[in-house]
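Close look at the chain arrangement
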Amino acid sequence: DSILTSAHSDDRTSVRADDGDRPRRSTGVSFRSLLTGTILAICISTGAPYGNMVLRGSYMALDFSTAGAIFVFFILVFLVHTGLGLIHPRLAFRPEELVVVYIMAIVSCSIPTMGLTEYLLPIMSGAHYYATIENEWGVLIHPYIKSWMVPQEFTAVKFFYEGSPRGVGITWLPWIVPLLSWIPLILSIYFSMACIMVMLRKQWIVRERLAFPLVQVPLAMTEDDGSGRALKPFFRNWLMWVGFAIPFVIGSLKALHNYYNFVPTVITQTSIPLFRNTAVLQIALSFPMLGFTYLVNTEIAFSIWFFSLLARAQEGTFGVLGISSPEKLYYAPPEPIVAHQGMGAFLVMVLFGLWTARSHLSDVFRKAFKGDPTVDDSDEMMSYRFAVFGLILANVFIGLWLWTAGMTLWVVPIYLGIMYVVFLAITRIVAEGGIAAARAPLIPSDFVSSSLGNSVLGSSTLVVLGFTYVWAADVRTFVMASTANGLKLAEEQLHRNKRALFWAIGLSIVVSIAASIWAVMHMSYAYGGINLNGWFFGPTGGPAYPWNYATGELNNPDGPDWTGWISTGVGGTIMALLMLARHNFLWWPMHPLGFAVSTISMTNYLTLSVFLAWLIKTIILKYGGPTLFHRARPFFLGLILGQFFVAGLWLVIDYFTGMTDNNIYWV
């Protein structure tokens, strides 16, 4: 029932076994792979914003599934690589080169949309553009915003939202100081994420052997069978193409229906009201989630859909009985009690995970501080010393930045601690549970103001907490999760040659930030931001959320929310009991990951797909065993690939036809 994947050996790789019986391969970080990865990163970081803002079609860089990366990688491997191989075998990409290219692509996916840029620029400017006498931002917010954090010329902000006059173009000058102030912070956060993943890689990948379902499609596309044929074996499997065809046909029907209303469409999403309309059960079929969950342990899959249904029952029961909290939270489930409960589960999951990894982390710190020669870190993307001291220095810089921006010094470590808990918990959920669409039940800024009480934080701290929405609010994708998936891919293909991968990831981050900033600025000044995506530019979307949060807290001073603390304790206790039961009773069927995931509002949309995958896999294992499971695996990988390809294909078609609002992919 576990994922059994192996990277086939390649004749073109070196087999010098100077570090044990494991073959030594090339790093894969060649000029060709870096150039190709950079091109893909530019395509993703400019194409994804254009697709969701101008075309308003399928989001290709929204979630951890990294649809845009799989789409462009499919084109690269299926068309470009195969074509080069047909010309001459030596021209084709080596598997390790393809892995490096894909890692750069998935890292790029975590930046342009939900990860950074489409929040950074509107939030920086929205505090002034949407300020009115009624919302009192000018009185409550503006005095606490440092001049170096936002553009100071209102005309430039006005053109950003409304479009610049003909012949004016982008007014870059007012943006230079804010961008030069923000980019070092963002790079430090991303670097700290990479350091943490290096420190945990061996624990998660080697010791615990997490499944990492989200990397199985690109891994299958890079594998060779030693036949020497140009076309990869994955594309020669007829069962994969059967799975590919199902979402491709259904997605194409949906797209064509938007062009011609006489073309029938297929409804894949509806909802059922429950408990006197106090709760809603979403009935939605996601082909990618069906494929990803097939690759997950059946206990995890069962627990995800079981606890999700239990969460709907809890919401409905609370609604019928009138149990509710008056607290206002952002990016959270409808009921704050459930949000705090989920945060308790996240805290325990991360702390328990770190406790489980204590032996390995002890080795890491011993190597970093004492240079212990018995600890081998040659298999890592960076040395343990570089990772540990890099993490410390990065957080010193992040803390100083937040303090300089106005956050009270004693709040800084609390905020950073909660921020890393959220990022680690979601990354673990993605790596172990294959959840392609997830975010925190409670964002760090809400947790800080709720647990400590906004009256002790002060106006300046609350404003800075609002600015943290740029990178730690709607966290549906981020660099830590992409790095974790990338290190899993590197483990399969690069083995003990990962050091150069750090520079490939860094190059992808820098290129993606630069390209996506240019793309968003160009589209905003050309079309006017308010004419683009309403969520990222509208008065009720991303630009207003941080300042509605800050003003709401300032206008309603209070102490710690004790209902929230009790709910956090309850959630943490349940999570701890589930973990203890799993570790002490072999017969225990419930995986604690399911409880943590159930408190995320988006899980409701995934329940049906997870249930179907669990049911199908259970039947296959019961009557066909592991042999049938592995034979059927290409079909489910095809479901994933087919959905992402059809979404990307129709975005390209929409670009040439001028069609907008043709969204055929939702998760």
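A short tour of the structure in this document, coming up. (Residues numbered from 1 in each chain as written. Predicted model: local features only at pLDDT ≥ 70, side-chain atom pairs only at ≥ 80, totals over all residues. Heavy atoms only, no water.)

This part is about the overall build of the protein. A tally of regular secondary structure across the protein gives 26 helices and 2 strands. Rg of the C-alpha trace for the protein: 24 Å, near the compact-globule value of 26 Å for 667 residues, within the 12% margin. Projecting the C-alpha coordinates of the protein onto the three principal axes gives extents of approximately 70 × 65 × 65 Å. Taken over 667 residues, the protein has a buried fraction of 61%. Long-range contacts, defined here as pairs at least 24 residues apart, represent 81% of the contacts in the protein between residues at least 6 apart. Carbon and sulfur atoms make up 65% of the accessible area of the protein, which totals about 25100 Å². (Helix = DSSP H or I, 4+ residues; strand = E, 2+ residues; numbered from the N terminus. Rg over C-alpha atoms; globule rule 2.2 N^0.38 Å. Buried < 20%, exposed > 50% of the residue type's maximum accessible area, 1.4 Å probe, protein only. Contact = heavy atoms within 4.5 Å. Areas by Shrake-Rupley, 256 points an atom, 1.4 Å probe, with all protein chains shown as cover.)

Moving on, we come to the pairing of strand S2 (residues 279-284). Pairing analysis gives 6 bridges linking strand S1 (residues 269-274) to S2, with the strands arranged antiparallel. The partner of Ile-272 across the bridge, within S2, is Leu-281. Connecting S1 to the antiparallel partner S2 that follows it, the hairpin turn spans 4 residues, and Phe-275 within it adopts a positive phi of roughly 50°. (Pairing = 2+ DSSP bridges.)

On to a nonpolar patch on the surface, then. Nonpolar side chains collect at one region of the surface, where Phe-365, Phe-369, Phe-389, Ile-392, Val-396, Leu-400, Trp-403 and Leu-409 lie side by side and expose about 760 Å² of accessible area between them. Among the elements that make up the nonpolar patch, the one with the highest residue count is helix H14 (residues 384-405) (5 residues). Its place among the elements puts Ile-392 in helix H14. According to the relative accessible area criterion, Ile-392 is partly exposed, its value standing at 41%. (Patch = residues over 30% accessible without salt bridge, like charges linked within 9 Å, V, L, I, M, F, W, Y side chains within 5 Å. Salt bridge = Lys/Arg side-chain N within 4 Å of Asp/Glu carboxyl O.)

Let's shift gears to the environment of Tyr-259. You can see Tyr-259 is positioned in helix H9 (residues 238-259). Distance from Tyr-259 to Met-659, taken between C-alpha atoms, is 7.8 Å for residues 400 residues apart in sequence. Among all residues touching Tyr-259, those that are not within four sequence positions of it are Trp-650, Ile-653, Asp-654, Thr-657, Met-659 and Asn-662. At 2.7 Å, the side chain of Tyr-259 and the side chain of Asp-654 are in polar contact. There is a polar contact of 2.5 Å between the side chain of Tyr-259 and the side chain of Thr-657. (Polar contact = N/O pair within 3.5 Å; in protein donor to acceptor, adjacent residues only side chain to side chain.)

Next up on the list: the side chain of Thr-551. Position of Thr-551 among the secondary structure elements: in helix H22 (residues 545-555). On the basis of relative accessibility, which here comes to 7%, the residue Thr-551 falls in the buried class. Sequence-distant contacts of Thr-551, defined by excluding residues within four places in its chain, comprise Asn-135, Trp-137, Leu-140 and Ile-141.

Turning our attention to the packing of aromatic side chains. A complete count under the given rule lists 63 aromatic pairs for this structure. Ring geometry for Phe-302 against Trp-305: centres 5.2 Å apart, planes inclined by 85°, an arrangement best described as edge-to-face. With a gap of 3 residues between them, Phe-302 and Trp-305 both fall in helix H11 (residues 298-321), about one helical turn apart. Neither residue differs from the other here; Phe-302 and Trp-305 are each classed as buried. The rings of Phe-71, Phe-74, Phe-78, Phe-234, Phe-235, Trp-241, Phe-244, Phe-248 and Phe-645 are connected pair by pair, giving a single aromatic cluster. (Phe/Tyr/Trp six-rings, centres within 6.5 Å; stacked < 30°, edge-to-face > 60°.)

Let's shift gears to the nonpolar core. Judged by nonpolar contacts, the single largest core of 223 residues is most densely connected at Trp-182, Tyr-190, Leu-402, Tyr-415, Trp-471, Leu-501 and Leu-641. Among the elements that make up this core, the one with the highest residue count is helix H7 (residues 173-207) (17 residues). Leave out the neighbours within four places in its chain, and Leu-641 touches Ile-70, Phe-74, Val-217, Met-221, Phe-234, Phe-235, Met-240 and Phe-244. (Core = buried A, V, L, I, M, F, W, Y, C linked by side-chain atoms within 4.5 Å.)

This part is about the pattern of salt bridges. Considering all chains together, one arrives at 23 salt bridges under this definition. Lys-488 is the salt-bridge partner of Glu-492, the closest N and O atoms lying 3.1 Å from each other. Taken as a pair, Glu-492 and Lys-488 lie in helix H19 (residues 479-493) at a separation of 4 residues, close to a single helical turn.

Take unusual backbone geometry next. With phi around 50°, Arg-56 is a residue other than glycine that occupies positive phi space. In this structure, Arg-56 sits in the loop between helix H1 (31-53) and helix H2 (67-87). Of the residues examined, Arg-56 reaches a relative accessible area of 28% and is grouped as partly exposed. Its identity as a non-glycine residue notwithstanding, Arg-209 has a phi of 55°, on the positive side.

Two elements in contact, H7 and helix H13 (residues 358-370), have axes separated by 9 Å at closest approach and are oriented at 145°. Crossing handedness for the pair H7 and H13: right-handed. Facing H7, whose interface residues are Met-199, Leu-200, Lys-202, Gln-203 and Arg-207, H13 presents Ser-359, His-360, Leu-361, Asp-363, Val-364 and Phe-365. Split into classes, the residues belonging to the contact of H7 with H13 amount to 5 nonpolar, 3 polar and 3 charged. (Axes fitted to C-alpha atoms, helices over the stretch in contact; angles between N-to-C directions. Left-handed = near helix turned anticlockwise from the far one by under 90°. Nonpolar A, V, L, I, M, F, W, Y, C, P; charged D, E, K, R; others polar.)

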